[in-house]
There are 2 protein chains.
Amino acid sequence: MTHFHDPTTCQSCAQRFTSVFCKAKQEFISEINEQKICNIYKKGQTLFNEGSYPFGVYCINDGKVKLSHLGDDGKEQIIRLLRGGDVLGYRALLSGERYSASAIALEDTQVCFIPKELFISVLKNDTGLAFEMMKLLSDELHKAEVKLTHLAQKPIRERLAETLLFIKETYGYESDGITLSVRLSREEIANLVGTATESTIRLLSEFKKDGMVELDGKKIKILRQKELIKTANLQD
Amino acid sequence: MTHFHDPTTCQSCAQRFTSVFCKAKQEFISEINEQKICNIYKKGQTLFNEGSYPFGVYCINDGKVKLSHLGDDGKEQIIRLLRGGDVLGYRALLSGERYSASAIALEDTQVCFIPKELFISVLKNDTGLAFEMMKLLSDELHKAEVKLTHLAQKPIRERLAETLLFIKETYGYESDGITLSVRLSREEIANLVGTATESTIRLLSEFKKDGMVELDGKKIKILRQKELIKTANLQD
DNA sequence: TAACATGCATGATTTTTGTCATGTTTTGAA
DNA sequence: TTCAAAACATGACAAAAATCATGCATGTTA
């Protein structure tokens, strides 16, 4: 369905200015360019599975990916949403463990794979990149801690509003400027919010009744962002 | 009340084999040793405050510290519990932001402070330490993600049981082998679990009735760990 | 196109959890 | 030691959220 043209080189990649790797030294980028393997994952396909061993990191060229955990009772919890320029798989690699989450394409997605040995060796020889990685990890840790606090303290209504805004921040709008440019099922939204699917459906209907959103199947339009922000009860 | 004798040198510090810094090269350890500043914080005193700028990292020599966030409505959420050998303050430093949490001593605690510039420069020149930091960040991120999932999916009863086990893992028992060696208020336990104080009090009473714990003010004894693990409904 | 599965929607009900009120105990400071 | 404040405990109630049940729409496959 969707068609990508091979980025061919990291030097010409659309993400060369946005990914963490943009801070790596030229010589290493060349090396990565030689060893990287590009692949296309169709919607629903898995990049890697929770529980298996990492053998490299993935860099999204174009597309959308969800990163999700399985809870002890088998329920999905979506941990992160990723887009072009994002790197994934580094957490498990750096702490020397199996993947603690699965990565699944939300739409057809083009991904470059960088082998473990190369990644580690570049990281060893390029202090700048190492600092970028530490910054990335620190930022993710921060986000996780904030999310944790909200999960513990905010009611579902606020969290759903916050999640819609988060989706908008992450993937933005379609060309009409109001439709969220990702199709998520109600269940996926619920697994992002951390609640039951029915609660999510009900609250979305309420948001629609209140005129904050418009619903058309999986298409969600944000009509009144300010109202949503108020509903989310955000401080910053 | 409590008396510490100055560790004098990093080379003789009780934590020299457990902290991340143990992997740093000798020359850097010497440098840290010269520039570090040791301090004692009394119970309840603050090492640093959410919202202020970091100017270094803290290394706990002996004692206990809680790291907590304020939610948007001002309610405390305890993010992490720290003990001797743990480092803190690096997250904000590495991502170049203000502290996103406050650190408060849970009992009289001895802490070494390492200035920002030194920490960064050692990190730049010691790849091993940089990797240790990445591993540390990755581990923390992992823990945060698991906690997030549990917070979203598990009922409070399970989370309280899990929290008691977590406290035990972190701080261990007193010499009697059953009393948790930290005194936390019910409110603090609630802020760790992510629930209302009353719910925590009620459930602790239930646990007591079920014979899993014994309560004597802030002293909590774990009588049946296996039952607790079952109650926590943990997989691993 | 029929048959089926899946996702969406909504009502009814139950369970869980939080809040409010009140009393008791403990703690710490004067 | 005494008193006030804080922490603990518990009951009653309200609110929030999950679960169960059912129906409708949509899409998919034989």
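Just so it is clear, the model here is predicted, and its values are computed rather than measured.

Caption draft 1: Spatial organisation of the protein's contact with DNA strand D. Inspection of the region around DNA strand D gives 14 residues, with A:Ile156, A:Thr195, A:Ser199, A:Arg202 and B:Arg186 positioned closest. Within 4 Å of the protein, atoms of DNA strand D come from sugar and phosphate in 62% of cases. The backbone of A:Ile156 places a nitrogen or oxygen atom 3.0 Å from a phosphate oxygen of DNA strand D. Between a phosphate oxygen of DNA strand D and a main-chain N or O atom of A:Ala196, the distance comes to 3.5 Å. Ranked by residues supplied to the surface near DNA strand D, first place goes to helix 7 (residues 197-209) of chain B with four residues. For the surface near DNA strand D, the class distribution of residues is four nonpolar, four polar and six charged.

Caption draft 2: Seen up close, the protein's contact with DNA strand C. DNA strand C sits among 14 residues. The nearest are A:Arg186, A:Arg202, A:Ser205, B:Thr195 and B:Arg202. Counting only the atoms of DNA strand C that lie within 4 Å of the protein, the sugar and phosphate share comes to 60%. Between a phosphate oxygen of DNA strand C and a side-chain N or O atom of A:Arg186, the distance comes to 2.9 Å. The contact in question runs from a base nitrogen of DNA strand C to an N or O atom on the side chain of A:Arg202, over 3.0 Å. At the level of secondary structure, the elements contributing two or more residues to the surface near DNA strand C comprise helix 7 (197-209) of chain A together with helix 7 of chain B. With four residues, the single largest contributor to the surface near DNA strand C is helix 7 of chain A. For the surface near DNA strand C, a count of residues per class yields four nonpolar, four polar and six charged.

Cut-off values and rules
- Throughout this document, residue positions are counted from 1 along each chain, in the order its sequence is written.
- Chains carry letters and ligands carry numbers; both start at the beginning, A for chains and 1 for ligands, and go up in the order they are written.
- For this predicted model, a pLDDT threshold of at least 70 governs which residues receive local features, and a threshold of 80 or more governs which side-chain atom pairs are given and counted, while totals over whole chains, interfaces and linings are taken from all residues.
- In computing side-chain properties, one takes all heavy atoms of the structure into account and sets aside hydrogens as well as water.
- One heavy atom suffices: a residue is near a molecule or strand as soon as one of its heavy atoms comes within 4 Å of it.
- By the criterion applied in these results, polar contacts are pairs of N or O atoms within 3.5 Å in which, for protein atoms, one can donate a hydrogen and the other can accept it, and in which residues neighboring in sequence qualify only through two side-chain atoms.
- The helix count covers DSSP runs of H or I at least four residues long, the strand count covers runs of E at least two residues long, and both are numbered beginning at the N terminus.
- Think of it as three bins: nonpolar holds Ala, Val, Leu, Ile, Met, Phe, Trp, Tyr, Cys and Pro, charged holds Asp, Glu, Lys and Arg, and polar takes everything else, Gly as well.

All quantities given are derived from atomic positions and should not be read as evidence of function.
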